[in-house]
Each structure stands twice: as C-alpha cells, then as structure tokens.
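What the coordinates show
What follows is each chain in one-letter form.
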Amino acid sequence: MNTFSTGSIVNAGDLPDKPAPIRTDGPIAWLRDNLFSSRTNTILTLVALAIVLYAVPPALNWLVVKANWSGGAEACRANPGAACWPFITARWEQFLYGFYPQAERWRVNIVLYVLLGGIFLLAFEKMPLRKWVGLLMLIPFPIVSYFMLYGGVFGLPVVETSRWGGFMLTLVIALSGIVASLPLGIVLALGRRSTMPIMRLVCTLFIEFWRGIPLVAVLFMASVMFPLFLPPDVTFDQLLRAVIGVALFASAYMAEVVRGGLQAIPKGQYEGAMALGLPYWKMMRLIVLPQALKIVIPGIVNTFIGLFKDTTLVLIIGLLDLLGIVQSSINDPNWSIQSVPYTGYVFVALVFWVCCYAMALYSRHIEEKLHTGHKR
Amino acid sequence: MSEVASTSGAPSLAVSDEVVIRIADMDKWYGQFHVLKSIDLEVRRGERIVICGPSGSGKSTLIRCINRLEEHQSGSINVDGIELTDDLKNIDAIRREVGMVFQHFNLFPHLTVLENCTLAPIWVKKMPKNEAEEVAMKYLERVRIPEQASKFPGQLSGGQQQRVAIARSLCMNPKIMLFDEPTSALDPEMIKEVLDVMIELAREGMTMICVTHEMGFAKTVANRVIFMDAGQIIEQNEPGAFFDNPQSERTQLFLSQILAH
Ligand SMILES: Nc1ncnc2c1ncn2[C@@H]1O[C@H](COP(=O)(O)OP(=O)(O)OP(=O)(O)O)[C@@H](O)[C@H]1O
Ligand SMILES: [Mg+2]
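Residues numbered from 1 in each chain as written. Chains lettered and ligands numbered in written order. Predicted model: local features only at pLDDT ≥ 70, side-chain atom pairs only at ≥ 80, totals over all residues. Heavy atoms only, no water.

On to the interface of chain B and chain A. In many analyses, interface size is given as the accessible surface area lost on bringing the parts together. Tallying the contact residues gives 27 residues for chain B and 20 residues for chain A. Taken over both partners, the interface formed by chain B and chain A buries close to 2200 Å², and the fraction arising from carbon and sulfur atoms is 62%. Broken down residue by residue, the surface that chain B buries against chain A is led by B:Pro109, B:His110 and B:Trp123, which jointly contribute 26%. Across the salt bridge formed by A:Glu271 and B:Arg64, the nearest N and O atoms sit 2.6 Å from each other. At the junction of chain B and chain A, the tally comes to six residue pairs in polar contact (both at pLDDT 80 or more). Among the secondary structure elements, those contributing two or more residues to the side of chain B that touches chain A are α2 (88–97), β6 (98–101), α3 (113–123) and α5 (158–170) of chain B. Class assignment of the residues belonging to the side of chain B that touches chain A gives a composition of 15 nonpolar, seven polar and five charged. (Contact = heavy atoms within 4.5 Å. Buried area = accessible area lost by both parts, 1.4 Å probe. Salt bridge = Lys/Arg side-chain N within 4 Å of Asp/Glu carboxyl O. Polar contact = N/O pair within 3.5 Å; in protein donor to acceptor, adjacent residues only side chain to side chain. Helix = DSSP H or I, 4+ residues; strand = E, 2+ residues; numbered from the N terminus. Nonpolar A, V, L, I, M, F, W, Y, C, P; charged D, E, K, R; others polar.)

Moving on to helix α12 (residues 267–275) of chain A. Because an α-helix completes one turn every 3.6 residues, residues spaced three or four positions apart along the sequence face the same direction. Counting buried positions along α12(A) gives seven out of nine residues, so the element sits mostly inside the fold. A:Gly268, A:Gln269, A:Tyr270, A:Glu271, A:Gly272, A:Ala273 and A:Ala275 are the residues of α12(A) that are buried. Contact partners of the buried residues in α12(A): α11 (238–263) and α13 (280–295) of chain A together with α1 (59–66), α2, β6 and α5 of chain B. Remark: A:Gly277 follows α12(A) within two positions and exhibits a positive phi of approximately 90 degrees. (Buried < 20%, exposed > 50% of the residue type's maximum accessible area, 1.4 Å probe, protein only.)

With that settled, the discussion passes to the site of ligand 1. Residues and elements named next belong to chain B. Inspection of the region around ligand 1 gives Tyr30, Phe33, Val35, Pro54, Ser55, Gly56, Ser57, Gly58, Lys59, Ser60, Thr61 and Glu181 as its neighbouring residues. Within the side chain of Ser55, an N or O atom sits 2.6 Å from an oxygen atom of ligand 1. Notes on ligand 1: free accessible area 630 Å², of which the protein chains cover 59%. Elements that contribute at least two residues to the shell around ligand 1 include exactly β2 (33–44) and α1. Broken down by element, the shell around ligand 1 gets its largest block of residues, three residues, from α1. Taken together, the residues of the shell around ligand 1 sort by class into four nonpolar, six polar and two charged. (Near = heavy atom within 4 Å. Areas by Shrake-Rupley, 256 points an atom, 1.4 Å probe, with all protein chains shown as cover.)

Below you can see the structure in the form of structure tokens.
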C-alpha cells in the first residue's frame, strides 16, 4: 500500500478495520490480573484468604450470629460468649445525652436534626442558596446551638455543662474544635509566612508551643492550672476550658497543614494577582487560599479526624464523652457480665469509625468536585 | 522565531508627546548583586517598545520594577504622574493602570476563563458582576476565544492560555501593557496567534513594553528597540536603524547570534 518511489512515503487507500482487542474486564479476567498475575501474587492471595477465613467467621459469630439481640441482662448472662447488644439498647439514651435532663432532651434533638439536615443539604452541589446554608451553619448555628443546649434564654431552663455527656458531648467538643481550628490555623499559617518579623515570631512560637506538648497535658493544664491564674471569684466553665484547649491544640497542627499548601502555590500566582492590583487579603482569599486549601484537603481532614478521636481524652479531666460514659456504664453491677465491656468498646469503636469514615468520604467527594483539569 | 506578516508603515502610528513612564537614574540590587545600573527610560503614550538582550541581563527585572513586582533601591519611577514609593496607595493605583502578561501565563487554575477575566474588575474596580462579564466577553472575543469562556485554564492550549491572560489584563482597561517574553513558553505554531493579538493591540494605540526575542514582531510594530546587557541599557533606536546599523559591538554580537538561526 505504501508507495516508496521518489523518497517520500505516501499512504494510498484506507486501512482495513481491525477487530477491537478482546475485552479484559470480566470477573475472571479481573481475578487473573489482580490476584493471580504472578507466583508471588498468587501466594499473597492465598495467605490473605487464609487469614480472612481464620478471622472473619468467629468475628461474625460473636458480633451477629450468636450475639444476644434481645432479652436484657439475663439473656446475656446465659450466653456470655457473644456480643450483648441489649446493653446498648438499654443504655443508648444515656450514651447519646449523658446526664442531660430527660425533659430537656428535645433541645439536643433539635440541634442534632438541624446539624444533620445542614450537612445533608450541603452535600448537594446544585442546591440553590447553598452558600447561605453554609454560612448559616458556620456562624449563627453554633451560637444558637450553645443557647439551645445551655439555656438561660427564652425561658429555657439552664442545663449546666457538667450534665452534658455521651455522644452529644463528643460532638460539641469535636465540632467546636473543628470550626475554631480551621480559621485559626489559616491565620497562623499566613502569619508564619508573613514578611513582618514580629508576626512571624509570634505565630511560630504559638505553633511550636502547642505542637510541643501532649494533648493530655493541655487538658490537665486547662482544668487544673488555668484556674490558678484567675481571680478566685471568676469561674470558668470546665467544658469551655477543654474546648479551648482542644481547639488551640488542633489549630497548631492545622496551621502546619495549611502552610504546606501555601508553599505549594507557585510564585506566579501571587504575581498574577498582584499585577491585577488585588490587595493582599483579597489575593489570599480569592487566589492563594482556595488553591492551597484544596491541595491540603486530605491533610485537613486528617487533622479533623485526629481531633475527633482525641476528644476521648477529656475523660481524664472528668468529662464523660461517649467513651467515658460507656466505660462508666460497664461498671454497673447489674451488667457485670463478661461480654458487656467488649460489647461497649466495640460499639464505641463502631460509632467513631462511622463518623470518621463519613468525613473521609465527604472529603473525597469535595476533592473530586474541585478538580479542574491539569495544573498550570 | 516566527516571521510576522509585515505591513509597511505600521510604526508610524500616532505617538503623543506625553510621557507616561519616566524612569530616572534607577538602580536595583539583589543582595550584593547589582542587577540594574542607573536606568534612564522615558516612554510616551502610544509608544511600543521592545526590550531584548541576553539571558540574565535584567530585562524582566526592569519591567517588573514598573509595577512593583520588584522593588528598586534608588532613583525614581513615575507612572502616569504617580510616583512609585512604598506607599501602598500609589502601588495599587499604578497596578490598576498597568497590565502585565507573563511568560508562564499565571492564570488562576481554580477559576474558569471567564472568572479569571472578571475577578479583578469585580474585586478591584467594584464593577457589578454582569457588567464585568460583558466586558470580559468583549475582550475574549477580541482575542478570539469567546467559546472557551466556561473552560478551566488547564483545559486550554498554551497559546489559548496566553490569549486569555492578555484578555484578563485588558479587562482592567489598563493604559500601559507590559509583556515579559509572552511567547517563549509556546510551541512555534501557537506563537503567531499570540503575536497577532499583540499586533492588533499595538495598532489600537496601546502603550506597550515587550520583552521579547521575536524580531519580526519588533520590526512590525515597535517604534523603539532597547538592547540591554549586564543591567544596563546599551543601545536604543527605532527598529530599522537598530537592526540594520547597530552601533555598539555588544549589540552587533547579540544580533548576529539571534539572527543566525
Ligand atoms: N530573586 C532574585 N534573587 C537574586 N537574583 C536574581 C533574582 N531574580 C533574578 N536574579 C538575577 O538577576 C539577573 C537578571 O534577571 P532577569 O530575570 O531580569 O534577567 P532577564 O534579562 O529577564 O533574563 P531571561 O532572558 O533569562 O529572562 C540574573 O542574573 C538573575 O540571576
Ligand atoms: Mg526574563
């Protein structure tokens, strides 16, 4: 077909159609390609299979098949070799609300529903007024929630924070930490990269101080040492102190995550923005931070997840979060059954896992949404 | 280097006597390194100046001093009657009058082409959004890519990106445009589409300072070519005389090198 005469190659006529290559995406092909593609791979597959076969059936037996699903403590006592779910069903209200008075729990419910509704709505990209929902959730919602939960206004009776507990307390601490640590972390990161030496010094010292001490020590300091510096007649809520400690601690980590993102933004982006006449804060808000934060979404969510789990440490200053309240319920003599502690801890682990995994999924969703083609 | 369709008589475009940029005895150092040495330069309204010179001679630094992307240490720079000092107000005012196009485009990758163009009018000039979009579409049509308005910069070719960058600058309605090697990151077949836009801009009377080695462009539109070496302005002349009859030895050497291939 190719004529090769006067030194040039000319393709005369059309090439015939060839059959498409055989599809290689069926289940068998998938197995072959991914699990048995080489000798090493085959051995690894078989070993993994053996481990799964060894571990999964007993776990399923304990958790589901042989587990006690109903009947209260007696049933569990009769069958102590498997999970005791009645322990959870009997106590779930306490796990959720702590010692929040029964008659006032509707207030917690409203806050929870609004929170879940807000998160649900925000997951839809195309929703009208999405920006406003986001803004409402970020600023007025935490304030209104505080008054809803604490009371003292609109004729709501006051519920002291010492009576807050369980999952509700976990959420209060974690969400306040999250909402406070991100903006604070951004400001600290910008300060650490500032051209003003004083600013840089203050931010660096702040970050290194909070990063250098364990959270347990922060919480102890907040609960024991901090009041020593206050005049004796000033009282400062224990929970508030813990929340501030957690938030400052997390903000130091957040600052370093954000700083990593800022460093990844090429100089040309700043120059492009400056040449257009954008002043510093607008340049940061419109050009630099959106790109920097997008890069470090995995790191930010990582910090959120860490913070969420670290809230369990408030146990040591006497606040009963979900883990704390489950742990103290385990000691109830009515439930002194061998399987109850395991069941309690598995339950706590499941709740935390579901929350953290949800955060991970949500962040992946956002990352995909923000992807705008190749970088330049 | 790509030859630009040369239309005779283009450089005779009207240039007013009014000086818009006045740089007097300006020096700049990077640490101990003296990059710009007593630069004197006057640019009149409507003038189109091409700056060339070997790599590292300070061309970029010079034009970046004009909109304060770099700070000069002595001497003075005056842009359209505004003295360039540490005063942020003056810097902002100058940046509003001076547009800049970079070698690597520096488009904002997280914004669409249209948003790239409307950002500064909306946030710096406080223009209403729909008016800014109208202006942006007008300039995107001028650079012949209105159909790409809703794409992201990462989805465009280099030549298209550079034309967006030009449109983005024009949306601020600048009096002066600075170009820093706008075509040197582009493949040869895209250079022309960018140069064509620049030539059109020159024909409309825009005051332009271009750092470029596109000598065809210089011959077509420039009314002055400046040769820099080692931080100094060595020679400047109108393009005909500059290319045909360079005075300094360094200019001759430079021209023989870049015209050789
Ligand atoms: N931020 C900086 N710090 C120190 N030296 C610098 C800096 N920027 C540029 N220089 C030096 O200043 C000199 C002039 O740089 P400039 O970028 O202005 O050159 P140029 O003429 O634009 O060169 P090119 O044609 O390669 O773009 C070079 O020697 C360069 O190494
Ligand atoms: Mg340069």
